[in-house]
2 protein chains.
Amino acid sequence: MNIEMINAAATRLSNLVRCTPLLNSPVIDKLAGRRVWIKPECLQITGSFKFRGAWSAISALNPEVRTRGVVTFSSGNHAQGVALAAQTFGAPAIIVMPTDAPQTKIMSTKKMGAEVILSDRDRKHQEQIVAELSSERGLTIIKPFDNAEVIAGQGTIGLEIAEQARKCGVTEAEVLICCGGGGLLSGIALALEAKAPRLQCRSVEPQGFNDMARSIALGDYVRNMYTSGSICDAILTPEPGKLTFPIIRRLCGSGLVVSDEDVLRAMVIAFEQLKLVVEPGGAVALAAILFQISEIKGDDVICIISGGNVDAGVFVNALTQFGMEND
Amino acid sequence: MNIEMINAAATRLSNLVRCTPLLNSPVIDKLAGRRVWIKPECLQITGSFKFRGAWSAISALNPEVRTRGVVTFSSGNHAQGVALAAQTFGAPAIIVMPTDAPQTKIMSTKKMGAEVILSDRDRKHQEQIVAELSSERGLTIIKPFDNAEVIAGQGTIGLEIAEQARKCGVTEAEVLICCGGGGLLSGIALALEAKAPRLQCRSVEPQGFNDMARSIALGDYVRNMYTSGSICDAILTPEPGKLTFPIIRRLCGSGLVVSDEDVLRAMVIAFEQLKLVVEPGGAVALAAILFQISEIKGDDVICIISGGNVDAGVFVNALTQFGMEND
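Residues numbered from 1 in each chain as written. Chains lettered and ligands numbered in written order. Predicted model: local features only at pLDDT ≥ 70, side-chain atom pairs only at ≥ 80, totals over all residues. Heavy atoms only, no water.

K.L.:
Would you take a moment to explain the overall build of chain A for this structure?
P.N.:
The secondary structure content of chain A amounts to 14 helices and nine strands. Since a compact globule built from 327 residues should have a radius of gyration of about 20 Å, the 18 Å found for chain A is in line with a globular shape. When the accessible area of chain A is evaluated, it comes to approximately 11700 Å², of which 50% is carbon and sulfur surface. Taken as two groups, the 31 positive and 34 negative side-chain charges of chain A have centres that lie 5 Å from each other. (Helix = DSSP H or I, 4+ residues; strand = E, 2+ residues; numbered from the N terminus. Rg over C-alpha atoms; globule rule 2.2 N^0.38 Å. Areas by Shrake-Rupley, 256 points an atom, 1.4 Å probe, with all protein chains shown as cover. Lys, Arg positive; Asp, Glu negative; His and termini not counted. Charge placed at Lys NZ, Arg CZ, Asp CG, Glu CD.)

Shown next, in the form of structure tokens:
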């Protein structure tokens, strides 16, 4: 893994992904007590950053191999990225998704032409189904984070942040990143190491699923006790990735943790102040900026909003609980 | 009014407004039966395009005059634009707003330091209050659309569209624009006349408030029968503007009209497919693209989403009525 792979992924992705803007909001600055710069990957094609990594990996395959098709497991955002990339190449895609994935993610993945197989959230079980499908049907496995080309694709966000932060006059800041297996975090950390080394990445996870924060603190792999039980469906991975964690351990600061309730509050603030639809797992970094103020250093902070694929019912609940104060 | 004024406004606005992206969505293309290009001004500072015109007008004032302060009437988006621009210049601002304006607009205008005076929606009454405040306190009136510098500021969106459409390979298309008094429509139409004359602007209004469509059809001013009764609070103006209508009559195609129910549906589709929070008045052009398909010509269509300042309760109602089908 190196910056050249990220640059190459950026070339393959040019004209296909949106260079999402770097937004700010005076009201959020005030709430956070510092200048906040927000990279809204909910505005990315497929509603999350995951198309970057999926396209990067699938476009890097040998065309003959690619034509046979791809298979993966995903809670729904990587699913849509892989489905759209495969569909664009005319290749079949099978995605193993958890039964409790948001309906919007399951529907959208199917609409993009992928075959969806529902399974429980047990990662070993999911990996077994994927391995069997791969060997039976000759499909290439595109893992959601433990794949070098996927990490390189997510790293293209780091290239954009380095350039955009420079234009905004931000040379030193923490960069808070929603974290499941660490594909987004490790990719951006690698890109910033090369392009803006004074921007330091930190993971943000939901309470009870802070395997990355604990693994960073220990310097070794720690597993979560549970596989479900947070609203942040996109980032409930069991443990850090084999490819991602060595990069994260080397480059990232300590991890942050937020409550589901603060995640809902952050979603409402994004609704009110940014006019963005953010899914729970995509709001953890913003939640940390708003509600873990003393855990963050510096006058500027950057964060990723990683996705916006949320069921209407969940969004209504967030607005009903925390959004009616002004009504 | 001419393109030089719009270019000058763009210079005064540079580094202050966001150049909002031109988004597209494969699902929306499919629903609309053509390629749809969406300019999301809900992502603009203050949550609507109105900051462009307000800053353009207030920055063009003689500094001595500006220091005494400004006054205007507005249902809430122009209010926020004027409030923020005045606050930035350290000038006082008084805004007359209707009592039934969304709470989020009233709160936000006050937070930006403006004094808010609530009144009914009767335009004559509002203009009278504004005129009295102006003469009593020496405040300059910044009308929401019948002001040449306001129109020039809104026209900067047209400059961006001309450039962005060219990059997307779109040389001929209708440009559907949410329309109240016509400041946005006339400004963009003037800019496109100069920069991309094969992009033709058309107004979109809510049912019962289609004074612009009827005025265009008649070639003379027609008034609405009512002053309230649609959810599209931002664009319920009584009749076309004195400055805007001559420009619109000369440059724009026939006007489109949409129902409040289709507006709510369009808000839900923007939530699902674009991850954008859109207010009712900001969604009328998208609603026309989705639900007035046979009224539109060509393979490509461009539309403005003009704002996202919607109360949580209204958004919840939209999602509850039309967004739960997949849940």
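K.L.:
When you look at the sheet that holds strand β4 (residues 115-119) of chain A in this model, what are you seeing that I'm missing?
P.N.:
Residues and elements named next belong to chain A. Strand order in this open sheet of four strands is β4-β3-β2-β5, and the pairing throughout is parallel. Each having just a single partner strand, β4 and β5 (140-141) make up the two edges of the open sheet. As defined by bridge partners, strand β3 (residues 93-98) adjoins β4 across five bridges and the pair is classed as parallel. Within β4, the residue paired with Val-96 across the bridge is Ile-117. Against the sheet, helix α5 (residues 77-89) engages β2 (70-73) and β3, with an angle of about 170° to β3. (Pairing = 2+ DSSP bridges. Contact = heavy atoms within 4.5 Å. Axes fitted to C-alpha atoms, helices over the stretch in contact; angles between N-to-C directions.)

K.L.:
Could you clarify how one ought to interpret the relation of the copies chain A and chain B in this entry?
P.N.:
Superposing the two chain copies requires a rotation about an axis and a translation along that axis. For the pair chain A and chain B, the superposition axis carries a translation of 0.0 Å, the fit reaches an RMSD of 0.0 Å, and the rotation angle comes to 180°. As the rotation angle and translation indicate, the two copies are arranged about a two-fold axis. Minimal C-alpha distance to the rotation axis in chain A is attained by Leu-276 of chain A, lying at 2.5 Å. Comparing interface residues between copies, 100% of those in chain A also sit at the interface in chain B, which points to an isologous, same-surface contact. (Least-squares fit on C-alpha atoms with pLDDT ≥ 70 in both.)

K.L.:
Is there a simple way to think about the sheet that holds strand β6 (residues 173-178) of chain A in this case?
P.N.:
Two pairing modes exist for strands in a sheet, parallel and antiparallel, and in both the strands are linked by backbone hydrogen bonds. Residue and element names in this part refer to chain A. Reading across the sheet, the five strands line up as β1-β9-β6-β7-β8 and stay open at both edges, with parallel pairing between neighbours. Two strands in the sheet have a free side with no partner beyond their single neighbour: β1 (35-40) and β8 (256-258). Strand-to-strand twist in this sheet, taken as the mean axis angle between neighbours without regard to direction, amounts to 25°. Bridge count for β1 against strand β9 (residues 300-305) is six bridges, and the pairing is parallel. By the bridge assignment, Val-36 is partnered in β9 with Val-301. Docked against the sheet, helix α13 (residues 284-291) engages β1, β6, β7 (199-206), β8 and β9, running at close to 150° with respect to β9.

K.L.:
Even after reading the chapter, I still don't get the side chain of Ser-48 of chain B, so can you show me in this structure?
P.N.:
Positionally, Ser-48 of chain B belongs in the loop between β1 (35-40) and α3 (50-59). The contact partners of Ser-48 of chain B, leaving out residues within four places of it in the chain, are Glu-41, Asn-77, Ser-306, Gly-307 and Asn-309 of chain B.

K.L.:
Quick question: what am I supposed to make of the packing of aromatic side chains here?
P.N.:
Two aromatic rings are characterised by how far apart their centres lie and by the angle between their planes. Within the structure shown, the criterion is met by eleven aromatic pairs over all chains. A centroid spacing of 5.7 Å and a plane angle of 40° characterise the contact between Phe-51 of chain A and Trp-55 of chain A, whose relative ring orientation is tilted. Separated by four residues within a single helix, Phe-51 of chain A and Trp-55 of chain A lie in helix α3 (residues 50-59), roughly one turn from each other. With a relative accessible area of 8%, Trp-55 of chain A lands in the buried category. Taken together, the aromatic side chains of Phe-271 and Phe-315 of chain A together with Phe-271 and Phe-315 of chain B make up a single cluster linked through ring pairs. Lys-242 of chain A extends its terminal NZ or CZ atom over the ring of Tyr-221 of chain A, reaching a point 4.1 Å from the ring centre. (Phe/Tyr/Trp six-rings, centres within 6.5 Å; stacked < 30°, edge-to-face > 60°. Buried < 20%, exposed > 50% of the residue type's maximum accessible area, 1.4 Å probe, protein only. Lys NZ or Arg CZ within 6 Å of the ring centre and 35° of its normal.)

K.L.:
Is there a simple way to explain helix α9 (residues 183-195) of chain A in this structure?
P.N.:
Count 3.6 residues to each turn of an α-helix, and residues three or four apart come out pointing the same way. All names here are of chain A. In this model α9 runs 18 Å from its N-terminal to its C-terminal C-alpha over 13 residues, within 8% of the 18 Å that 1.5 Å per residue would give. Across the 13 residues that make up α9, a large majority, ten, are buried. If you check which residues of α9 are buried, you get Gly-183, Leu-184, Leu-185, Ser-186, Gly-187, Ile-188, Ala-189, Leu-190, Ala-191 and Leu-192. (Expected span 1.5 Å × (residues − 1).)

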